[in-house]
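# Summary of the model geometry
What follows is each chain in one-letter form.
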Protein chains: 2
Amino acid sequence: MEQDKYKRDFIGFVERLCPLGNDAATIFSQQLVTVRFNKGETILKQDGICRYVYFINSGLVKTWFESKDRSFIMRFFAEGNMFTVLDSYLAQQPSAYAVEALENTVLTRISKTDMDKLCARFHTAETFFRKLISMASVNMMSRIGEILEEQASVRYENFLGENPDLVQRISLGDMASYLGITQVSLSRIRAII
Amino acid sequence: MEQDKYKRDFIGFVERLCPLGNDAATIFSQQLVTVRFNKGETILKQDGICRYVYFINSGLVKTWFESKDRSFIMRFFAEGNMFTVLDSYLAQQPSAYAVEALENTVLTRISKTDMDKLCARFHTAETFFRKLISMASVNMMSRIGEILEEQASVRYENFLGENPDLVQRISLGDMASYLGITQVSLSRIRAII
DNA sequence: ATAGTTTTTTATCATTTGATAAATTTTCGC
DNA sequence: GCGAAAATTTATCAAATGATAAAAAACTAT
């Protein structure tokens, strides 16, 4: 059954970070729910509360926020990865960021309530979660360093080099929002390169 | 004894994130070592391996990196806070960032070896560590958002507003490196405001 | 296929920041 | 306090990016 495969892929991701043990894996798996979003649909509204950790079975999403009349993208997440909106998830408070599907997307998720129970009961679950957040932190560190250090044109080229597969799936406008520049500026950068 | 107070402050920070229980607190405390650095001294060299999690009993440090002929500051950490160089610490690999004391500084630290043992033995220790990293992540998220969204002058004013105490302790040059602009640019911004 | 919509490009001018150099002020050791 | 060194400011010109408008290209629904 499709649903089982989606769950297995979620658990597979978890166990690559930290093997759970049979008990934990079974119980973990029972808490998972698969949901679908069409291209353009909102998965989490700005000011909504993020109640889940998500695994992307297929598709692509962006976490982003609107400010003045421009928008900015924190990160893209494609199939095979996990995401949540960390500050909202941890504190269960309104999120500064929204999440939107950029393609038809299949997500398998676990609720914070269930995740907390798992973490309390199984040390391995907590270890997995710690590693997941660690990965996110390390990513963010290098992003901060890169934004401070490099101009948009260099960051654009770096992104092309590091995510050759993603590039074709992301619009110019979204790419610009991720770089923190306007669509028009990115178009100019492209013309020059 | 001074050393005991330093350890108690470290443990106090930990317990505010996650109460440890008596056993864990005692054993945790036994692994702590206090070290001192003078203003200007290097706590961790770029390409060094970060083997500790540090608590700052007193003083101020910066984590930074050099690139081309400019330098950039990832973060300042003042007394009462904890820090490590996360990617280097987790993977025990050479660090892209250096750590330097901006004032005479007293640090109390625990080695990764001991921390790993504590986390394996006490669930609470791992929970503490997860929360520590979570805090760092949430901080970094808002920093990324702010850098994307705001010009240096706005980020400077925000920093003044959020860290009125720190401002007097940080040089113009370091402040500029934190903002990702040159010293001269920050001086100009100051003149205009 | 066509009309309408959205996305991307091109152009122009304004603002922000960088690079460099020099002047000024502050800090620090003696 | 004095002089050297370091930090900060001021000035000038160049490069990167923003704002706006309009043209061109790509995509969509009928």
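Remember, predicted model here, so these are calculated numbers, not experimental data.

### Digging into the nonpolar core
Core analysis: the largest hydrophobic core is formed by 99 residues, its most contacted members being Phe28(A), Phe128(A), Phe28(B) and Phe128(B). In this structure, Phe128(A) is in contact with Phe13(A), Val14(A), Leu17(A), Cys18(A), Phe28(A), Met82(A) and Met115(A), ignoring residues within four places of it in sequence.

### Side note on the sheet that holds strand β7 (residues 98-101) of chain B
Residue and element names in this part refer to chain B. Reading across the sheet, the 4 strands line up as β2-β7-β4-β5 and stay open at both edges, with antiparallel pairing between neighbours. Whereas interior strands pair on both sides, the edge strands pair on one side only; in this sheet they are β2 (42-44) and β5 (70-78). Taking each pair of neighbouring strands and ignoring which way they run, the sheet shows an average axis angle of 30 degrees. For strand β4 (residues 60-67) and β7, the ladder comprises 4 bridges, and the chain directions are antiparallel. Across the sheet, Val 61 pairs through a bridge with Ala 101, a residue of β7.

### Quick notes on the relation of the copies chain A and chain B
Take chain A, turn it by 180 degrees, move it 0.0 Å along the axis, and it overlays chain B with an RMSD of 0.0 Å. When the rotation and shift are considered jointly, the pair of chain copies conforms to a two-fold rotation axis. Comparing contact sets, 100% of the residues at the interface of chain A also lie at the interface in chain B, consistent with an isologous, same-surface contact.

### Focus on the environment of Ile133(A)
Summarising the element assignment, Ile133(A) is placed in helix α5 (residues 123-149). Sequence-distant contacts of Ile133(A), that is, excluding residues within four places in its chain, are made with Leu86(A), Arg130(B), Ile133(B), Ser134(B) and Ser137(B).

### Points about the protein's contact with DNA strand C
Near DNA strand C there are 19 residues, and of these Ser187(A), Gln151(B), Ala152(B), Ser185(B) and Arg188(B) occur at the shortest range. When atoms of DNA strand C within 4 Å of the protein are split into backbone and base, the sugar-phosphate part holds 63%. Within the backbone of Leu172(A), a nitrogen or oxygen atom sits 3.2 Å from a phosphate oxygen of DNA strand C. Between DNA strand C and Ser185(B) there is a distance of 2.6 Å, counted from a phosphate oxygen to a side-chain nitrogen or oxygen. Among the secondary structure elements, those contributing two or more residues to the surface near DNA strand C are α8 (172-179) and α9 (183-192) of chain A together with α9 (183-192) of chain B. When residues in the surface near DNA strand C are grouped by element, the largest group, 6 residues, is from α9(A). Class assignment of the residues belonging to the surface near DNA strand C gives a composition of 7 nonpolar, 8 polar and 4 charged.

About the thresholds
- Residues numbered from 1 in each chain as written.
- Chains lettered and ligands numbered in written order.
- Predicted model: local features only at pLDDT ≥ 70, side-chain atom pairs only at ≥ 80, totals over all residues.
- Heavy atoms only, no water.
- Core = buried A, V, L, I, M, F, W, Y, C linked by side-chain atoms within 4.5 Å.
- Buried < 20%, exposed > 50% of the residue type's maximum accessible area, 1.4 Å probe, protein only.
- Contact = heavy atoms within 4.5 Å.
- Pairing = 2+ DSSP bridges.
- Helix = DSSP H or I, 4+ residues; strand = E, 2+ residues; numbered from the N terminus.
- Axes fitted to C-alpha atoms, helices over the stretch in contact; angles between N-to-C directions.
- Least-squares fit on C-alpha atoms with pLDDT ≥ 70 in both.
- Near = heavy atom within 4 Å.
- Polar contact = N/O pair within 3.5 Å; in protein donor to acceptor, adjacent residues only side chain to side chain.
- Nonpolar A, V, L, I, M, F, W, Y, C, P; charged D, E, K, R; others polar.

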